[in-house]
Amino acid sequence: MSCQHLTPDELLATTRSVRKRLDFSKPVDIALVAECIELAMQAPSSSNGQGWQFIVVYDTEKKRRIGEYYKQAYDHYAASPRSPDRQHLDSPDMRVTQERVLNSSAYLAAHIKDVPVLVFPCLPVRLDSPEKAGNVQFQASMYASIIPAAWNFMLAARARGLGSCWTTLHLAYEREIAEILQIPFAEATQIAMIPVAYSLGTKFKPGPRKPLGGVMHLDRWQA
Ligand SMILES: Cc1cc2nc3c(=O)[nH]c(=O)nc-3n(C[C@H](O)[C@H](O)[C@H](O)COP(=O)(O)O)c2cc1C
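Small disclaimer: the values here were computed from a predicted structure and weren't measured.

Calculation criteria
Residues numbered from 1 in each chain as written. Predicted model: local features only at pLDDT ≥ 70, side-chain atom pairs only at ≥ 80, totals over all residues. Heavy atoms only, no water. Helix = DSSP H or I, 4+ residues; strand = E, 2+ residues; numbered from the N terminus. Buried < 20%, exposed > 50% of the residue type's maximum accessible area, 1.4 Å probe, protein only. Contact = heavy atoms within 4.5 Å. Areas by Shrake-Rupley, 256 points an atom, 1.4 Å probe, with all protein chains shown as cover. Phe/Tyr/Trp six-rings, centres within 6.5 Å; stacked < 30°, edge-to-face > 60°. Lys NZ or Arg CZ within 6 Å of the ring centre and 35° of its normal. Axes fitted to C-alpha atoms, helices over the stretch in contact; angles between N-to-C directions. Parallel < 35°, antiparallel > 145°, perpendicular 65-115°, else oblique. Nonpolar A, V, L, I, M, F, W, Y, C, P; charged D, E, K, R; others polar. Salt bridge = Lys/Arg side-chain N within 4 Å of Asp/Glu carboxyl O.

To continue, consider the overall build of the protein chain. Tallying secondary structure elements over the protein chain gives eight helices and six strands in all. Its helices and strands taken in sequence order, the protein chain reads α-β-α-β-α-α-β-α-α-α-β-α-β-β from the N to the C terminus. Considering only C-alpha atoms, the protein chain reaches an extent of 45 × 45 × 40 Å along its principal axes. A burial count over the protein chain gives 39% of its 223 residues as buried. The contacts of the protein chain with a sequence gap of at least 6 include a subset with a gap of at least 24, amounting to 84%. Carbon and sulfur atoms make up 57% of the accessible area of the protein chain, which amounts to about 12900 Å² in all.

Right, let's talk about the packing of aromatic side chains for a bit. Enumeration according to the criterion identifies four aromatic pairs in this entry. Plain terms: the ring middles of Tyr 69 and Tyr 173 are 5.1 Å apart, the flat faces sit at 35° to each other, and that makes the pair tilted. Taken together, the residues Tyr 69 in helix H3 (residues 60-79) and Tyr 173 in the loop between strand E4 (162-164) and helix H8 (174-181) connect sequence positions 104 residues apart. For the ring pair Tyr 74 and Tyr 77, a centre distance of 6.2 Å and an interplane angle of 45° mean the geometry is tilted. A residue pair is termed a helical-turn pair when its members lie 3 or 4 positions apart in one helix, as Tyr 74 and Tyr 77 do in helix H3 at three residues. The cationic tip of Arg 21 hangs over the ring face of Phe 204; the distance from NZ or CZ to the ring centre is 3.9 Å. Above the plane of the ring of Tyr 198 lies Lys 26, whose end atom (NZ or CZ) is 4.1 Å from the centre.

This part covers the packing of H3 against H8. The relative placement of two packed helices comes down to the angle between their axes together with the axis-to-axis distance. Where H3 contacts H8, the axes come no closer than 10 Å and their chain directions differ by 180°. Regarding the angle of H3 to H8, the classification is roughly antiparallel. When H3 is examined against H8, the residues Lys 62, Arg 65, Ile 66 and Tyr 69 are found in contact with a partner set consisting of Glu 176, Ile 177, Ile 180 and Leu 181. Its residues assigned to classes, the contact of H3 with H8 comprises five nonpolar, no polar and three charged.

For Gln 182, which is not glycine, the phi torsion reads 55° and is therefore positive. Looking at the element boundaries, Gln 182 is found in the loop between H8 and strand E5 (189-190). Using a relative accessible area of 64% as the deciding quantity, one classes Gln 182 as exposed. We note that Asp 219 has phi near 70°; this positive angle belongs to a residue other than glycine. With respect to the helices and strands, Asp 219 occurs in the segment after strand E6 (194-199).

All right, on to the pattern of salt bridges then. For the structure on display, the rule yields seven salt bridges. As a salt-bridge pair, Glu 68 and Arg 64 come within 2.8 Å of each other at their nearest N and O atoms. With Glu 68 and Arg 64 both in helix H3 and four residues apart, this pair spans about one turn of that helix. Among the salt bridges present, the one from Asp 114 reaches Lys 113, with a minimum N-O distance of 3.3 Å. Of the residues examined, Asp 114 reaches a relative accessible area of 27% and is grouped as partly exposed. By sharing partners, the salt bridges in this structure join Glu 61, Arg 64 and Glu 68 into a single network.

The structure is reproduced here in structure tokens:
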């Protein structure tokens, strides 16, 4: 294990979405990925179900095919008008950050096939079945039974000098990617695709975030 010497707070504040600083030239040992998954599995899960599945993809041809779908999804996203939940991104104080994110996302979209490892956290249940889709408790329980684990994975990766990025654009082609990875589409849901590589340099700064005042509320909801 090649852990960097980060304090817990530094690890939490500097685990960024790494795209342009992914080192495509340096192989990532599967044993290191396995270590990160062991730590991922220390996350909580609903009723201690531990249903998490992590598909770890090294295969060059599979990465190439997945990369093509990802690029198509990215191009569609980049060309689409702002949906209401994205309009805040046009505000002047977000513009600089957002331009950087778009630029960096475009770079990643062009390079999925070059990333040493792609990790797909999945759950062995369909979350969009008609009887479950509107059940908030079920949805919250299931997502929270994989997302903390996948985030643990990304923290563990960062602690080992690896960079990663939470991505979901490929889910526009979830069925096609399930076919490539032999995921039983009728019985399992993909949650994310996490590209993993050594980071180019290990120093990262905390990301720009909204002021705490608009986020933390005492005793009642405040708009
Ligand atoms: C649910 C979710 C979906 C995301 N999907 C993508 C994606 O498909 N592609 C991508 O490049 N980044 C994606 N991101 C990364 C965000 O763009 C990133 O977290 C955000 O810009 C803040 O940057 P930071 O993580 O470096 O602080 C996603 C993040 C989340 C939480």
